[in-house]
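Chains, contacts and geometry: an overview
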Amino acid sequence: IQVSGGFSEFWRENGKVVSSFLIAIGLCIVGAILVPGFLEIGHLLLMIKAAAFLGIIALAQVTVILSGGGGIDISVGTIASIGVLFSAVIMKGRAEYILPAIAAVGALGLILGLVNGYLIAYLKIHPLIMTMAMTSVATGIIIIYGQGRKIIGSPAPMIEDLANGRIFGFPVVILLWIVLVVMADFILLRTRTGQKLLSVGTNDVAATLSGVNVNFFRLMVYGVSGLVSALFGLLLLGYVHQAFWDIGNSYMFPSVIVCTIGGVLITGGSGRYLGSMGGALVFTFLQSLLVSLRMEEAFKQALFGLILIILLIAYSREGRR
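Residues numbered from 1 in each chain as written. Predicted model: local features only at pLDDT ≥ 70, side-chain atom pairs only at ≥ 80, totals over all residues. Heavy atoms only, no water.

1. Observations concerning the overall build of the chain
For the chain, the count of helices and strands is 13 helices and two strands. Computed over the C-alpha atoms, the radius of gyration of the chain is 20 Å, within 12% of the 20 Å expected from 2.2 N^0.38 for a compact globule of 321 residues. Once the C-alpha set of the chain is aligned to its principal axes, its extents read approximately 65 × 60 × 40 Å. The contacts of the chain with a sequence gap of at least 6 include a subset with a gap of at least 24, amounting to 76%. As displayed, the chain offers around 15700 Å² of accessible surface, 69% of which is attributable to carbon and sulfur atoms. Between the mean site of the 19 positive side-chain charges and the mean site of the 13 negative ones, the chain shows a separation of 5 Å. (Helix = DSSP H or I, 4+ residues; strand = E, 2+ residues; numbered from the N terminus. Rg over C-alpha atoms; globule rule 2.2 N^0.38 Å. Contact = heavy atoms within 4.5 Å. Areas by Shrake-Rupley, 256 points an atom, 1.4 Å probe, with all protein chains shown as cover. Lys, Arg positive; Asp, Glu negative; His and termini not counted. Charge placed at Lys NZ, Arg CZ, Asp CG, Glu CD.)

2. Looking at the side chain of Ser225
Within the secondary structure, Ser225 sits in helix H10 (residues 214-240). Of the residues examined, Ser225 reaches a relative accessible area of 0% and is grouped as buried. When near neighbours in sequence (up to four residues on either side) are disregarded, Ser225 contacts Ala60, Val64, Asp73 and Val76. (Buried < 20%, exposed > 50% of the residue type's maximum accessible area, 1.4 Å probe, protein only.)

3. Focus: helix H8 (residues 192-202)
For H8, every residue scored as buried is listed here: Gly194, Leu197, Leu198, Val200 and Gly201. Along the axis of H8, the buried positions cluster into a sector of 160°, meaning they face one direction only. Summarising the geometry of H8, the exposed residues directed more than 90 degrees from the buried face are Arg192 and Thr202. Looking at the buried residues of H8, the elements they touch are helix H2 (41-66), helix H7 (172-190), helix H9 (204-209), H10 and helix H12 (273-292). (Arc of directions from axis to C-beta.)

4. Points about helix H3 (residues 76-91)
Compared with the 22 Å implied by 1.5 Å per residue over 16 residues, the 22 Å span of H3 between its first and last C-alpha is a close match. Here H3 lies mainly inside the structure; 15 of its 16 residues are buried. (Expected span 1.5 Å × (residues − 1).)

5. Observations concerning the packing of H2 against H10
Direction vectors running N to C along H2 and H10 enclose 165°, while the axes themselves pass 7 Å from each other. When the interaxial angle is binned, H2 and H10 end up roughly antiparallel. Like other packed secondary-structure pairs, H2 and H10 cross with a definite hand, here left-handed. Residues Lys49, Phe53, Ile56, Ile57, Ala60, Thr63 and Val64 of H2 form the contact with H10, whose participating residues are Val221, Tyr222, Ser225, Val228, Ser229, Phe232, Leu235, Leu236 and Tyr239. Classifying every residue of the contact of H2 with H10 by side-chain character gives 12 nonpolar, three polar and one charged. (Axes fitted to C-alpha atoms, helices over the stretch in contact; angles between N-to-C directions. Parallel < 35°, antiparallel > 145°, perpendicular 65-115°, else oblique. Left-handed = near helix turned anticlockwise from the far one by under 90°. Nonpolar A, V, L, I, M, F, W, Y, C, P; charged D, E, K, R; others polar.)

6. Considering the nonpolar core
Judged by nonpolar contacts, the single largest core of 88 residues is most densely connected at Phe53, Met91, Trp177, Phe232 and Phe285. Per-element tally for this core: the top contributor is H2, with 15 residues. Those residues within four positions of Phe53 in sequence are excluded, and the remaining contacts are Ala163, Val173, Phe232, Leu235, Leu236, Tyr239 and Tyr251. (Core = buried A, V, L, I, M, F, W, Y, C linked by side-chain atoms within 4.5 Å.)

7. Overview of the environment of Gly83
Relative to the assigned elements, Gly83 resides in helix H3. Note on Gly83: relative accessible area 0%, which makes it buried. Taking C-alpha positions, Gly83 is 8.6 Å from Leu236, a pair spaced 153 residues apart along the chain. Once you skip the residues sitting within four places of it in the chain, Gly83 turns out to touch Val105, Ala230, Gly233 and Leu234.

8. Considering the packing of aromatic side chains
For the structure on display, the rule yields four aromatic pairs. Note on Phe53 and Tyr239: the rings are 4.1 Å apart at their centroids and 20° apart in plane angle, and the pair reads as stacked. Within this pair, whereas Phe53 is found in helix H2, its partner Tyr239 is found in helix H10, the two being separated by 186 residues in sequence. Here Phe53 falls in the buried class, since its relative accessible area comes to 0%. Judged by relative accessible area, Tyr239 falls into the partly exposed class, the value being 25%. (Phe/Tyr/Trp six-rings, centres within 6.5 Å; stacked < 30°, edge-to-face > 60°.)

Structure representation (structure tokens):
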């Protein structure tokens, strides 16, 4: 009975996170059956590497969603694009400009995030509307800068090594992802800051009565989201080698989906960063499997969306239960 009770408690707290990793393993097994070479070490590492980039920007999205208040940051992808553009222009492929690029891009992302946070927390603009408006502002900044000129710039060698390098044949960015997730989960579960984040996301009033300055805390949450998104853009530049004005946009909606698949409650207050890792693996493995099956593009997109909907419905039902 004690073993059963212990397992029940464990599953109640971690079931969604574990489920996301089990689904990822299941997709690997299906892929190995249907597609020759799907689990070859080179292809597997390539898939996990792609998942790592999605998982890193999802860390920003998890933080916003956990803070509650209907928080979803639509602007993470566009702010990441700004990070790509300005880090390329500042670094120009030279190592001595890495720190100035990090400082400038980080500061710009932080400012944009704080603007989001201030208008959401203090002026009570809905997060979806506010971050969508910020997306337009950020897109305007990119277009104004890039209009009529070719975007010239490249990552410094150190940034390229971080994004594409290997240690004993293992991609560095995957190791970076693991470290970031472990650190984020530690902060969430073992520090007062993490407990404040969960309490704000669960109930604003209760958090206020517990002494938390909810408005200021939510302001900082969006600031962190902007900072992480912009710095992710710097890493993304090292991955793709050159700047494209909308390159970060493709990560926006997937960053929300992987959070949900990973068990982060969309209304806030419940979830773990580790879950976003499982969600990123599921999303990437599923996408790779459908591509490997060489389906027609329209059918592939429809089936991909249908499977995601089924997963999201299953998690939604579990969340209500």
